[in-house]
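# Coordinate analysis (summary)
Chain residues, written in single-letter form:
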Amino acid sequence: TALRMAAGLALLVLLAACVVAPAEEPLMNICMDAKHHKTQPGPEGDLHSQCAPWKDNACCTANTSTEAHQDQSYLYGFNWDHCGAMPARCKRHFIQDTCLYECSPNLGPWIDQADSSWRRERILHVPLCKEDCEEWWEDCKDYVTCKENWHKGWNWATGTNRCPWGSMCRPFSQVFPHPKDLCEKIWSNSYKYTTEHRGSGRCIQMWFDPAQGNPNVAVAKYYAWKKRSSSGPMETVTPETDQAVCALPRLLPVLLPVVLVVVLGEAGGCGSHGWGPL
């Protein structure tokens, strides 16, 4: 009947669609819901200095990128020089860290809910490349600070962060004995220290040459795939093709002949003569 034929055609279309339909990836190319982030990433031709690598696709505006380079920025009113002037070689890492946080659209797999008044989302456990973390520590180890966690616990009585009463300024190498301590503790586990290297596709780079493309796109894609593939048994996603494969195609060898018989039979193509000898 026409009804059976329609049902068979519908099932055939469903099987085909399940195999070839591209996955909707909610963790890719997004901006977090935070204080200065844009709603959607897009081109920003005038990103300043160390934020420039993201100019083709950024979650930050040109103004935000400029403020990220200021010693006393309106972004958060944060003072890098709370224990004396921070050396330029050290400060450049904090500027790059700010650029990554404000501008990158590739942090989706690590966006987490925030419990602060000034942002609804934050990043948590972003796997930072070994070189980025170790160079950060090496260039800052002789600078001094009075706190291990820079996210909270400051004295804001003057409108900018000052060391809490009773705290002492000590070298970074004492406050953060190892690169892992610096990268994981300074921003409340926003970053995770890894032994993965730049270019591996398994860690986020704070530093990259935009002429070579943004390596963090592939990294976000890989971790988004891992997160999706561990979330449920109904589908798997391959990071290479970024295509969803439904559970139905596992039954394809069984279902396809049946569907074809129904469809072609109703169309008059597989009657007593349809499958006979030539």
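As a starting point, this report considers the structure included with it. (Residues numbered from 1 in each chain as written. Predicted model: local features only at pLDDT ≥ 70, side-chain atom pairs only at ≥ 80, totals over all residues. Heavy atoms only, no water.)

Here we come to the state of the cysteines. Under the criterion given, the structure shown has 8 disulfides. Across a sulfur-sulfur distance of 2.0 Å, cysteine 31 and cysteine 59 are joined as a disulfide pair. Judged by the sign of its S-S torsion, about -90 degrees, the cystine formed by cysteine 31 and cysteine 59 is left-handed. Residue cysteine 31 is located in the loop between helix H1 (2–20) and helix H2 (62–67), and its partner cysteine 59 is located in the loop between H1 and H2; the two are separated by 28 residues in the primary sequence. Note on cysteine 31: relative accessible area 12%, which makes it buried. A disulfide bridge connects cysteine 51 with cysteine 99, and the sulfur atoms are separated by 1.9 Å. The sign of the S-S torsion, about -80 degrees, decides the handedness of the disulfide formed by cysteine 51 and cysteine 99: left-handed. Note that cysteine 51 is positioned in the loop between H1 and H2 and cysteine 99 in helix H3 (residues 88–103), a separation of 48 residues in sequence. (Disulfide = S-S within 2.5 Å. Helix = DSSP H or I, 4+ residues; strand = E, 2+ residues; numbered from the N terminus. Buried < 20%, exposed > 50% of the residue type's maximum accessible area, 1.4 Å probe, protein only.)

We note that serine 188 has phi near 55 degrees; this positive angle belongs to a residue other than glycine. Within the secondary structure, serine 188 is located in the loop between helix H6 (179–185) and strand E6 (191–193). Positive phi values are uncommon outside glycine, yet asparagine 189 reaches one of about 65 degrees. Within the secondary structure layout, asparagine 189 lies in the loop between H6 and E6. Look at asparagine 189 and you get partly exposed, because its relative accessible area is 35%.

Here helix H7 (residues 216–229) is 14 residues long and its end C-alpha atoms lie 20 Å apart, about the 20 Å a rise of 1.5 Å per residue gives. Within the span of H7, buried status applies to Asn216, Val219, Ala220, Tyr222, Tyr223, Ala224 and Arg228. (Expected span 1.5 Å × (residues − 1).)

This next bit is on the nonpolar core. Within the largest apolar cluster, 48 residues are counted, with the highest numbers of intra-cluster contacts made by Phe94, Trp136, Trp150, Phe172, Ile186, Trp187 and Tyr191. Looking at which element gives the most residues to this core, the answer is H3, with 7 residues. Excluding residues that lie within four positions of it along the chain, phenylalanine 172 makes contacts with Phe94, Cys140, Lys141, Tyr143, Val144, Thr145, Trp150, Pro177 and Leu182. (Core = buried A, V, L, I, M, F, W, Y, C linked by side-chain atoms within 4.5 Å. Contact = heavy atoms within 4.5 Å.)

A few words on the packing of H3 against helix H4 (residues 130–140). It is at 7 Å that the axes of H3 and H4 come closest, and there the two elements cross at 140 degrees. H4 is crossed by H3, and the crossing has left-handed handedness. Where H3 abuts H4, its residues Arg89, Cys90, Arg92, His93, Phe94 and Asp97 lie against Glu135, Trp136, Asp139 and Cys140. A breakdown of the residues in the contact of H3 with H4 according to their chemical character gives 4 nonpolar, 1 polar and 5 charged. (Axes fitted to C-alpha atoms, helices over the stretch in contact; angles between N-to-C directions. Left-handed = near helix turned anticlockwise from the far one by under 90°. Nonpolar A, V, L, I, M, F, W, Y, C, P; charged D, E, K, R; others polar.)

Further remarks concern the packing of aromatic side chains. Each aromatic ring pair is specified by the distance between its two centres and by the angle formed by the two planes. The tally for this structure, following the rule as stated, stands at 19 aromatic pairs. A ring pair is formed by phenylalanine 172 and phenylalanine 176, whose centres lie 5.2 Å apart and whose planes are at 65 degrees; its orientation type is edge-to-face. Each residue in the set Phe78, Trp80, Phe94, Trp136, Tyr143, Trp150, Trp154, Phe172, Phe176, Trp187 and Tyr191 is aromatic and connected to the rest through ring pairs, giving one cluster. Taking NZ or CZ as reference, lysine 147 lies 5.5 Å from the ring centre of tryptophan 154, over its face. One cation-aromatic arrangement involves arginine 202 over tyrosine 222; the distance from NZ or CZ to the ring centre is 3.5 Å. (Phe/Tyr/Trp six-rings, centres within 6.5 Å; stacked < 30°, edge-to-face > 60°. Lys NZ or Arg CZ within 6 Å of the ring centre and 35° of its normal.)

Once that is clear, we can look at the side chain of serine 188. With a relative accessible area of 17%, serine 188 lands in the buried category. Of note is the side chain of serine 188, whose polar atom sits 3.0 Å from the side chain of asparagine 149. Each residue touching serine 188, except ones within four places of it in the same chain, is listed here: Arg122, Leu124, Asn149 and His151. (Polar contact = N/O pair within 3.5 Å; in protein donor to acceptor, adjacent residues only side chain to side chain.)

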